[in-house]
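Coordinate analysis (summary)
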Amino acid sequence: MDLNDELFQRAQISIPGGVNSPVRAFRSVGGSPRFIDRAKGPYMWDATGKQFIDYILSWGPMILGHNNDEVIAAVDEAVSKGLSFGAVTQGETLIAEEVRKLVPSMDQVRLVSSGTEAGMSAIRLARGYTGRNKIIKFEGCYHGHSDSLLVKAGSGMLTFGNPSSAGVPASVTEHTLVLEYNNPQQLEDAFAQWGDDIACVIVEAVAGNMNMVRGNPEFLRTMRELCTKHGAVLIVDEVMTGFRVAQGGAQAFYGIEPDLTMLGKVIGGGMPVAAFGGRREIMQQIAPLGPVYQAGTLSGNPVAVACGLATLKGIQAPGFQDKLSRAADRLVKGLTAAAQENGITFCADSVGGMFGLYFLPSVPHGFADVMKSDTETFNRFFHGMLERGVYFAPSVFEAGFVSIMHTDEVIDATIAAARETFAEIAA
């Protein structure tokens, strides 16, 4: 028995499903997950010592590559001073200033520990600021596992969400309206019916949890216009896209200005740091200044903040974003060519350092498109690549990521492995 199999069996005795986040369990692709022992640059090694080129990158934050020397030095220095104080530190101000510089729509910033916490808090703030209850989210977009966001659309086009998780009462999601992603007409219809009751619209401008799906500029523009017209708060979820699809995030890429922004992943550089922030008049409704309560013992943890601050400084190196984008573009073009050579139905897309691989005839524009994916062929591709030392996300519904350490040589090795895998599938 492989050591990974043994470790997985042991983990399942003490941990539900053997994992602390569901996608890690390999349920959708089959087999046992790889238990990672260490990582450096674009590579990870599992418990058996097998090396993998990593395209998960801790689901995005390792944009500088694993175990970056400058980041580790900053963390070591912070650790030497103490792990947590439960009091204010200068580091919190420094990282907030850095975020404000990189994302100009964020007048003020509140640090939290996870993307889920950022989303939950941003929605509470939007409701407190507007005095309204209803929120709009989009099918296929994931904003964390807070109760009001764990919803799926009903049978009609404009239907309030039904809970998609046990333990979430229908009364919690009754104010959540779920619309189709990239459908501006549904937005028009929703605001025409409920405009005076809508507190906020929350969106991933480039979705990353139904694989990577680009937001349509008309869709995003319509959203901004309707929120402005009806006094609703526009929340752009940049947990995945922040500092990755562009230095200023998806809002910079598309040229839209949200009222509130959610950040996570890259902002922490691999440690649990997230944030939400935006217009000053909205942010000043948060305690201790206003009536909207939000707090966290580990918010702004000094070690995590040091890690995030070093990462944010690293991404501002000259030419960083261009190099990141070229790596992702080289990857998706090479994989597409390899699939075509072997007659495999496949396409791919990338924005900045984020990419999507689709076992579809064309790039998807929403959740319904993604649901048509050939999951059987993807699963064969996933395991074929894993055997050849390339680690993609273990789900057809997840985006992928490159780091600045994914050189041409690393990308070309991935494409060579894909060519062999596609040939094996086609045989």
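Residues numbered from 1 in each chain as written. Predicted model: local features only at pLDDT ≥ 70, side-chain atom pairs only at ≥ 80, totals over all residues. Heavy atoms only, no water.

Quick notes on the domain arrangement of the chain
Split by domain assignment, the chain resolves into domain 1 (1–65 + 318–424) and domain 2 (68–313). The straight-line distance from the C-alpha centre of domain 1 to that of domain 2 is 26 Å. Contact residues are listed per partner, giving 32 residues for domain 1 and 30 residues for domain 2. Buried surface at the junction of domain 1 and domain 2, summed over both partners, amounts to about 2,400 Å²; 57% is from carbon and sulfur atoms. Among the residues domain 1 hides against domain 2, the three largest losses belong to Val351, Met354 and Phe367. Together they make up 25% of the total. Inspection of the region where domain 1 meets domain 2 yields 2 salt bridges. Among the salt bridges present, the one from aspartate 69 reaches lysine 40, with a minimum N-O distance of 3.0 Å. Applying the counting criterion to the domain 1 and domain 2 interface returns 14 residue pairs in polar contact (both at pLDDT 80 or more). Sorting the residues of the side of domain 1 that touches domain 2 by element identifies α11 (320–341), β16 (347–351), β17 (354–358) and α12 (367–370) as the ones contributing at least two each. (Domains from an automatic or database assignment. Contact = heavy atoms within 4.5 Å. Buried area = accessible area lost by both parts, 1.4 Å probe. Salt bridge = Lys/Arg side-chain N within 4 Å of Asp/Glu carboxyl O. Polar contact = N/O pair within 3.5 Å; in protein donor to acceptor, adjacent residues only side chain to side chain. Helix = DSSP H or I, 4+ residues; strand = E, 2+ residues; numbered from the N terminus.)

Observations concerning the pairing of strand β2 (residues 43–46)
Pairing between strand β1 (residues 36–40) and β2: 4 bridges, direction antiparallel. Directly across from alanine 39, in β2, lies its bridge partner methionine 44. Count of turn residues in the β1/β2 antiparallel hairpin: 2 residues, of which glycine 41 carries a positive phi of about 60°. Pairing analysis gives 3 bridges linking β2 to strand β3 (residues 51–54), with the strands arranged antiparallel. (Pairing = 2+ DSSP bridges.)

A word on the UniProt feature "modified residue: N6-(pyridoxal phosphate)lysine" (unreviewed entry) in the chain
Cross-referencing UniProt, the feature "modified residue: N6-(pyridoxal phosphate)lysine" (unreviewed entry) maps to Lys265 in the present numbering. With respect to the secondary-structure elements, lysine 265 resides in the loop between β14 (260–263) and β15 (274–278). (UniProt positions renumbered as here; feature names shortened; annotations may be inferred.)

Section: the confidence of the model for the chain
Mean pLDDT over the chain stands at 94; residues scoring 70 or higher make up 97%. Taken together, the stretch residues 154–159 has pLDDT below 50 and engages in 15 contacts with residues farther than four places along the chain or on a different chain. (pLDDT = per-residue confidence, 0-100.)

Comments concerning helix α13 (residues 375–387)
The terminal C-alpha atoms of α13, which comprises 13 residues, lie 18 Å apart, in line with the 18 Å expected from a rise of 1.5 Å per residue. Regarding α13, the residues found buried are Thr377, Phe378, Asn379, Phe381, Phe382, Gly384, Met385 and Leu386. Contacts made by the buried residues of α13 are with β3, β17, β18 (390–391) and α14 (408–426). For α13, the side-chain oxygen to backbone nitrogen distance between the N-cap and glutamate 376 is 3.4 Å, and the N-cap itself is aspartate 374. Just downstream of α13, glycine 389 is the residue with a positive phi angle, here 85°. (Expected span 1.5 Å × (residues − 1). Buried < 20%, exposed > 50% of the residue type's maximum accessible area, 1.4 Å probe, protein only.)

Section: the sheet that holds β17
The strand order across the open sheet formed by 3 strands is β16-β17-β19, and the pairing between neighbours is antiparallel. Looking along the sheet, the strands with just one partner apiece sit at the ends: β16 and β19 (400–401). Docked against the sheet, α11 engages β16 and β17, running at close to 175° with respect to β16. (Axes fitted to C-alpha atoms, helices over the stretch in contact; angles between N-to-C directions.)

Looking at the pairing of β16
Across the 5 residues that make up β16, a large majority, 5, are buried. Both faces of β16 are covered, namely the face carrying Cys347, Asp349 and Val351 and the face carrying Ala348 and Ser350. As consecutive antiparallel partners, β16 and β17 are separated by 2 residues, and within that stretch glycine 352 has a phi angle of approximately 60°, a positive value.

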